[in-house]
Structure formats: structure tokens, C-alpha cells
Amino acid sequence: DLDAPGNSAWSASVVHDGFSYWQVTADRASAIVSVSNNFLTVENFDSDFYDGKLRGRAVFALTNAPNYQFDFTTDRVNVYKLLTAIRGKKGQTSGWLTGQCTLQGQGSDVATIRGQGHGKVADGVLGEVGFFGIISQILNGISPGLGSASLTSGTATFKFVDSAVKTDDLEIQAGVYT
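Residues numbered from 1 in each chain as written. Predicted model: local features only at pLDDT ≥ 70, side-chain atom pairs only at ≥ 80, totals over all residues. Heavy atoms only, no water.

### Looking at the pairing of strand E7 (residues 67-78)
- Direction of pairing for strand E6 (residues 52-61) relative to E7: antiparallel, over a ladder of eight bridges. Within E7, the position partnered with arginine 57 by the bridge is aspartate 71.
- Taken together, the ten bridges between E7 and strand E8 (residues 96-106) define a ladder with antiparallel strand orientation. Following the sheet pairing, aspartate 71 is matched in E8 by threonine 102. (Pairing = 2+ DSSP bridges. Helix = DSSP H or I, 4+ residues; strand = E, 2+ residues; numbered from the N terminus.)

### Here's the deal with the packing of aromatic side chains
- Tallied over the entire structure, the rule returns five aromatic pairs.
- Considering the side-chain rings of phenylalanine 158 and phenylalanine 160, the 5.7 Å spacing of their centres and the 90° angle between planes classify their relative orientation as edge-to-face. (Phe/Tyr/Trp six-rings, centres within 6.5 Å; stacked < 30°, edge-to-face > 60°.)

### With respect to unusual backbone geometry
- If you check the backbone angles, aspartate 51 has positive phi at about 70° while not being a glycine.
- By secondary structure assignment, the location of aspartate 51 is in the loop between strand E5 (39-49) and E6.
- Residue class for aspartate 51 comes out partly exposed when judged on its relative accessible area of 49%.
- Although it is not a glycine, aspartate 123 adopts a positive phi angle of roughly 50°.
- Within the element layout of this structure, aspartate 123 appears in the loop between strand E9 (109-122) and strand E10 (127-130).
- Classification of aspartate 123 by relative accessible area gives exposed; the value is 61%. (Buried < 20%, exposed > 50% of the residue type's maximum accessible area, 1.4 Å probe, protein only.)

### With respect to the pairing of E5
- As paired elements, strand E4 (residues 28-36) and E5 share eight bridges and run antiparallel to each other. Residue isoleucine 32 lies in a different strand from E5, and its bridge partner there is glutamate 43.
- Inspection of the sheet shows E5 paired to E6 by nine bridges, in the antiparallel sense. Paired with threonine 41 across the two strands is valine 59, which belongs to E6.
- The turn linking E5 back onto E6 is made up of two residues, and tyrosine 50 within it adopts a positive phi angle of 45°.

### Some remarks on the side chain of asparagine 78
- By the secondary structure assignment, asparagine 78 is in strand E7.
- Using a relative accessible area of 12% as the deciding quantity, one classes asparagine 78 as buried.
- In this structure the side chain of asparagine 78 is engaged in a polar contact, spanning 3.2 Å, whose partner is the side chain of aspartate 51.
- In this structure the side chain of asparagine 78 is engaged in a polar contact, spanning 3.0 Å, whose partner is the backbone nitrogen of tyrosine 80.
- Not counting residues up to four positions away in its chain, the partners in contact with asparagine 78 are Tyr50, Asp51, Gly95 and Trp96. (Polar contact = N/O pair within 3.5 Å; in protein donor to acceptor, adjacent residues only side chain to side chain. Contact = heavy atoms within 4.5 Å.)

Right, dumping it as C-alpha cells:
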């Protein structure tokens, strides 16, 4: 009885050549989807995701107070392709994202989102920093890169609190200026 989720219990193994949600897509995705006791559960989610992997699980309450929880990991996801999809335009940030995140919230209310995780971007270019202020521009005019350094990797643990992402331990490496 799908009209009354409390009276329903079913499970299915799902494999699909493509999956999309919001502005992101996966080339291939598989999962075990089940409904029982007013909950929709997605277990063993495994997808090819921007040259890497996205894996995890999700639980959705099928009640008047629709809450949810996501637990997922990424492994060597192409940051350039992911950010291009999210932003809708190309950028210059590159690298490989590996990390883990747990989120929970209620309905579409962003203020209810809580969670935590950690992430690492390696082998990339996250941005550039001019170390010598206006002189950096002059030095870069003489020889590109002389007055600045590329930010090549970063790591952080983070929390979602009060509609914001917060971290106390962001570490960014800038090549020889680490």
C-alpha cells in the first residue's frame, strides 16, 4: 500500500546508467532501496562520479515531518568537473577530492542541516596567492609565477551548523611555501 507507507514493506536492487540530483550527475549508480516502518532507505549506494567514486547511504522519514540523513564518501573525485557542474560554468580549480560527510536535516529547511565530515583535495590548483602584495604583480609580469604560489592541496574537518560550514583546522599547502 504505497499510499500508506506505514503499511508498506518492500525492497529492490537498483542499477542505472545515469543518476542526477540537483546539479550533479553520476555515470553509473547502484543501490538497494527499501521502504519499511515509514522510512525509505537507500543502502550500498555506489556510483561512478566525476572520474572518481561516490558511495553511501540515505534514510528518509515518510512522515509529516520529513527528516533525512545522508552518510557518504568520495574517492578521487575530479574537482574541476564537479565544480563546473555545480557552478554551471568552467573555473580554474582542479585536483582530486577524497572525503566523508554525514548530514541530517528536515525537509527543505537549510537551517535544520547538521553534520560533519572531513575532506582532502590533492594534486591540484585551488588558487593562487600573491605573497608580496602589489610587488607580486610586477614579479609575475617579469616571470609568471615568480611573485605568487599556487595552492596545491588542502585538508579540513568541518561541521554544518547554523546554516554554515565551519572548520577549525583548514590546512592549505602552497608548493614550496607550505
